[in-house]
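Listed below, chain by chain, are the residues.
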Amino acid sequence: MIDSNSFMVFSGTATKYLAERICQSLGCPLGKLVMTKFSDGEFAVSYEQSIRGRDIFLVQSTFPNSDNLMELLLMIDAAKRASAKSINAVIPYFGWARQDRKDKPRVSIGAKLVADLLSVAGVDRVITMDLHADQIQGFFDVPVDHLYASGVILPYLKSLKLEDMVIASPDVGGSKRANTYAKYLGCPLVLCNKTRARANVVESMQIIGDVCGKNVVIVDDMVDTAGTITKAADIMKAAGAKSVRACASHCVMSGPASDRVQESALEEIVFTDSIPYTKRCDKVKQLSVADMFADTIQRVVENKSISDQYIV
């Protein structure tokens, strides 16, 4: 068993539900932390127990709004000033990751900025899952343990025992991820070629491959407004697909996403619990990544390899 006296786990406000599951898996209590809020919206962080000389793991996804990121930065700063031995940011969903390059003139690279903010605050290690682009790991000057949701999603897909399964990517950019799933499951790959009118708005889409009479599973890293994935599902169903499902790592599901999924041809859409989902949609299913993150924390504490986490 892991020595729970050598490390402590704390959580920000938005990801406490996941931190509690991680602690349950580790067999340790969740650390005591108080978030004091002022009437103007400002807030302050304080640890309610000594963390001197301990390895600290701070669980917080940085999905919007920006308060979640600011909470994490304050937790890191407070831990540094309280003489923690090491500060490890556990970020199941790394927000701002879509801003990973200059795709047009005079824009920011938000993912690099957030990486710099975390480093300046004093983080020693980042543990995250399914970054929007793998190369974002290079934005950090500290070690990054990059986990993959495939560790929980692929076993679920295998348990469905679908005949004539086809893996699909909703866009060309996600073809590498979809190809990895297809190879592991031993089934064909289908691509969707889409063009955008603007951010979050799909103008047109074409299917590259055969879906007639197939059980299609669309694979993506996140679903935001669900415009792309529901459009792909409807087109595939119209092209003769027997059934269409979707799976994605991060359940952003903003704006009209839940209604779109409910009204679409999708039979179900599977996410991890890296982001809390509070809206009601009968087609949404969430798989927990708590055990995966707990195992990674244990391996980090014991200085063991985490490569066994990767099934693909």
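Refer to the preceding data block for the structure.
This one's a predicted model, so the numbers in the text were calculated from it and none came from an experiment.

Cut-offs applied
- Residues numbered from 1 in each chain as written.
- Predicted model: local features only at pLDDT ≥ 70, side-chain atom pairs only at ≥ 80, totals over all residues.
- Heavy atoms only, no water.
- Helix = DSSP H or I, 4+ residues; strand = E, 2+ residues; numbered from the N terminus.
- Buried < 20%, exposed > 50% of the residue type's maximum accessible area, 1.4 Å probe, protein only.
- Arc of directions from axis to C-beta.
- Phe/Tyr/Trp six-rings, centres within 6.5 Å; stacked < 30°, edge-to-face > 60°.
- Pairing = 2+ DSSP bridges.

A. View of unusual backbone geometry. With an omega of 10 degrees, the peptide bond running from P64 to N65 counts as cis. Along the chain, N65 falls in the loop between β4 (55–59) and α2 (67–81). Of note in this structure, D130 is not a glycine but carries a positive phi near 45 degrees. Residue placement: D130 occurs in the loop between β6 (125–129) and β7 (144–147). Of the residues examined, D130 reaches a relative accessible area of 8% and is grouped as buried. Despite not being glycine, D164 shows a phi value in the positive range, around 50 degrees. Within the fold, D164 resides in the loop between α4 (150–160) and β8 (165–169).

B. Spotlight on helix α5 (residues 175–185). Inspection of α5 places A178, Y181 and A182 among the buried residues, and these make up the whole buried set. End-on, the buried residues of α5 take up no more than an arc of 100 degrees, which puts them together on one face. Opposite the packed face of α5, turned more than 90 degrees from it, sit the exposed residues K176 and K183. The positive-phi residue at the C-terminal boundary of α5 is G186, with phi of around 65 degrees.

C. Fine view of the packing of aromatic side chains. Under the criterion given, the structure shown has four aromatic pairs. With a centroid separation of 6.2 Å and 85 degrees between ring planes, the pair formed by F7 and F57 is classed as edge-to-face. Of this pair, F7 sits in strand β1 (residues 7–11) while F57 sits in strand β4, and the two are 50 residues apart along the sequence. Assessed through its relative accessible area of 2%, F7 is described here as buried. Given the relative accessible area of 0%, F57 is considered buried. Ring geometry for Y148 against Y310: centres 5.6 Å apart, planes inclined by 70 degrees, an arrangement best described as edge-to-face. With Y148 in the loop between β7 and α4 and Y310 in the segment after α8 (290–301), this residue pair connects regions lying 162 residues apart in the sequence. By relative accessible area, which is 28% here, Y148 ends up partly exposed.

D. Quick peek at the pairing of β7. Along β7, one buried face is formed by V144 and H146 and the opposite face, lined by D145 and L147, is buried too. Here four bridges tie β6 to β7, and the two strands are oriented parallel to one another. Paired with T128 across the two strands is H146, which belongs to β7.

Any link to function would need more than the numbers given here.
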